[in-house]
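# Structural overview
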Amino acid sequence: MGAARRRLGRLLTGRRRSGLGTTFAVSFATVTAVVTVLVGLLSYTAAARLLRVDQETVFDEVVQDLRGEVRQRSMNPQDFSSSAPGHDLVRPARTDVQVLGPDGAVVDPGRPGLPVTTADRRIAADGTAGRMVQHKDVGVDSDVYRIATVALGGGRGAVQVAQEFSDTEDLLRALQQRTLLLMAAVVTLAGLFGWWLARRITRRLVVLTSAAEDVARTRRLGIQVPVTGYDEVGRLGRAFDRMLGRLAQSEEDQRRLVQDAGHELRTPLTSLRTNISLLRRIDELPPATREELVADLGQEARELTDLVNELVDLAAGQSDTEPAQRVDLADIAEDVAGLARRRTGRRIVVRASGDTTTEGRPAMLQRAVTNLVENAAKFDRDGITPIEINIAGPARPGTVRVEVLDRGPGIAEDDLIRVFDRFYRAADARSLPGSGLGLSIVREVALSHGGAPFAFRREGGGTAIGFTVGGSA
């Protein structure tokens, strides 16, 4: 029992290990074999039937002509002798004629001589012309004949007509053998061609499989997939290559995010550790120093909390699963403006023009607009002019431009191209609270919605900063 199970296990394992090329080749050969066998059998059967029917038809026509002739004319055995001049009995190929006398004796033997039975003798003595008796599958000199004996009438004798069928059967047997050989050759060639074709078709799939196995084994996502062509396999290879590229980029982004986050977290954590160490001697500190120490601890805790929250938002934005839906950015801007008014006490004006609806993820878009407004309020803290949120829908359907304007000190020209980098803070902003992640989140949201961020200095002072979203999220 155990041996049987092991054999079954090996059999199943072998089946599981059989490659796609082998399966394709076997399937191709099997289908070809079935079709070839069916066509061969049908062809042979049709050919054999046509040959047999044709032979029988010719024989029947000869016999009917003979019967008609002896009925119309009073004829003697000598009239059908092969040596008699003018005898008009048609002798087709493989047809033998033998003439019998009134007593059934052979008057003119056939070549070869045909057997004479009791029934044939009775026909020879029969008085009715055209009466006939037939014999099938008669063996004569190792050949097979069909014999018809036709009475001349008046007891004058009879004529035997025989047709050889063994040659036809030999021909059919030869045809059968050749058909079988041809079918075997076709099946063999089909198997070889199927194997070659399967190797050719699956070669690129083997490359893809090897690449996937290398990725699974080494966990290296930078493997180049050498797949060419424009069919489904080529498209699969290019899609697999792009997928690996995006996974590698995502892995690099995560690694860089962790490194940058670790670097940024060291500063507030170090400050917290220093202040906590001072708490051990808090009784020795003067009241003013105590108040300053507690205030520093609260400030560091808030900044650390903000940094962690923005890190979570940034990481969530990279793998966000919020479904896209039709949203109106003008409504989102109104919600953000109302919340910012309550938090900062600043005047915030929302202006919308054109079609401001698009396909997007509402929570991500609201976070991006909120970051822009908070950034403007932070850098224009003492401003008296309102912060403006402009939402404009361009002529191209589905694209919307979000822009936040302030009259703060503005951004230096050298910093404009870096303000969306993670943890980047301009020199004049390093003394202000913040983590340097707010605008980076804006960039991530814009890119994930098919748009891009932008920032430029305003004439008269201040900054215009925002993003666009495309037609798909």
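It should be emphasised that the depicted structure is a prediction, and the values quoted were computed from it without experimental measurement.

With that out of the way, let us pick up the packing of helix H8 (residues 362–379) against helix H10 (residues 438–448). Direction vectors running N to C along H8 and H10 enclose 145°, while the axes themselves pass 9 Å from each other. Of the two elements, H8 crosses H10, and the hand of that crossing is left-handed. Residues Met 364, Leu 365, Arg 367, Ala 368, Asn 371, Leu 372 and Asn 375 of H8 touch H10, and the partners they reach there are Gly 438, Leu 439, Ile 441, Val 442, Val 445 and Ser 448. A class-by-class count of the residues in the contact of H8 with H10 yields eight nonpolar, four polar and one charged.

Looking now at the UniProt feature "transmembrane region" (unreviewed entry) in the protein chain. Taking the UniProt record as the reference, the feature "transmembrane region" (unreviewed entry) is found at residues 20–44 and 180–198. End-to-end, the C-alpha atoms of residues 180–198 are 26 Å apart, and along that stretch the chain is 100% helix and 0% strand.

We now examine a nonpolar patch on the surface. Together, Val 31, Val 35 and Val 39 give the surface a local cluster of nonpolar side chains, amounting to about 250 Å² of exposed area. Inspection of the secondary structure puts Val 35 in helix H2 (residues 20–72). Judged by relative accessible area, which is 45%, Val 35 ranks as partly exposed.

To continue, consider the sheet that holds strand S7 (residues 348–353). In spatial order, the strands read S7-S9-S10-S12-S11; together these five strands make up an open sheet with mixed pairing. Edge positions in the open sheet fall to S7 and strand S11 (453–457), since each of these has one partner strand only. Geometrically, the sheet is characterised by an average inter-axis angle of 15° between neighbouring strands, direction not taken into account. Packing against the sheet, H8 makes contact with S7, strand S9 (387–392), strand S10 (400–406) and strand S12 (463–469), and its axis sits at approximately 175° to S12. Lying on the sheet, H10 is in contact with S11 and S12; it crosses S12 at an angle near 30°.

Moving on, we come to the nonpolar core. Leu 329, Leu 365, Val 373, Ile 389 and Phe 467 are the most contacted members of the largest nonpolar core, which has 36 residues in total. Taken together, the elements giving at least two residues each to this core come down to helix H7 (329–344), S7, H8, S9, S10, H10 and S12. Ranked by the residues each element gives to this core, the list is headed by H8, at eight residues. Look past the residues within four positions of Leu 365 in its chain and what remains in contact with it is Val 327, Leu 329, Ile 332, Gly 360, Val 445, His 449, Phe 467 and Val 469. Within the second largest apolar cluster, 14 residues are counted, among which are Val 62, Val 63, Leu 66 and Val 159.

About the cut-offs
- Residues numbered from 1 in each chain as written.
- Predicted model: local features only at pLDDT ≥ 70, side-chain atom pairs only at ≥ 80, totals over all residues.
- Heavy atoms only, no water.
- Axes fitted to C-alpha atoms, helices over the stretch in contact; angles between N-to-C directions.
- Helix = DSSP H or I, 4+ residues; strand = E, 2+ residues; numbered from the N terminus.
- Left-handed = near helix turned anticlockwise from the far one by under 90°.
- Contact = heavy atoms within 4.5 Å.
- Nonpolar A, V, L, I, M, F, W, Y, C, P; charged D, E, K, R; others polar.
- UniProt positions renumbered as here; feature names shortened; annotations may be inferred.
- Patch = residues over 30% accessible without salt bridge, like charges linked within 9 Å, V, L, I, M, F, W, Y side chains within 5 Å.
- Areas by Shrake-Rupley, 256 points an atom, 1.4 Å probe, with all protein chains shown as cover.
- Salt bridge = Lys/Arg side-chain N within 4 Å of Asp/Glu carboxyl O.
- Buried < 20%, exposed > 50% of the residue type's maximum accessible area, 1.4 Å probe, protein only.
- Pairing = 2+ DSSP bridges.
- Core = buried A, V, L, I, M, F, W, Y, C linked by side-chain atoms within 4.5 Å.

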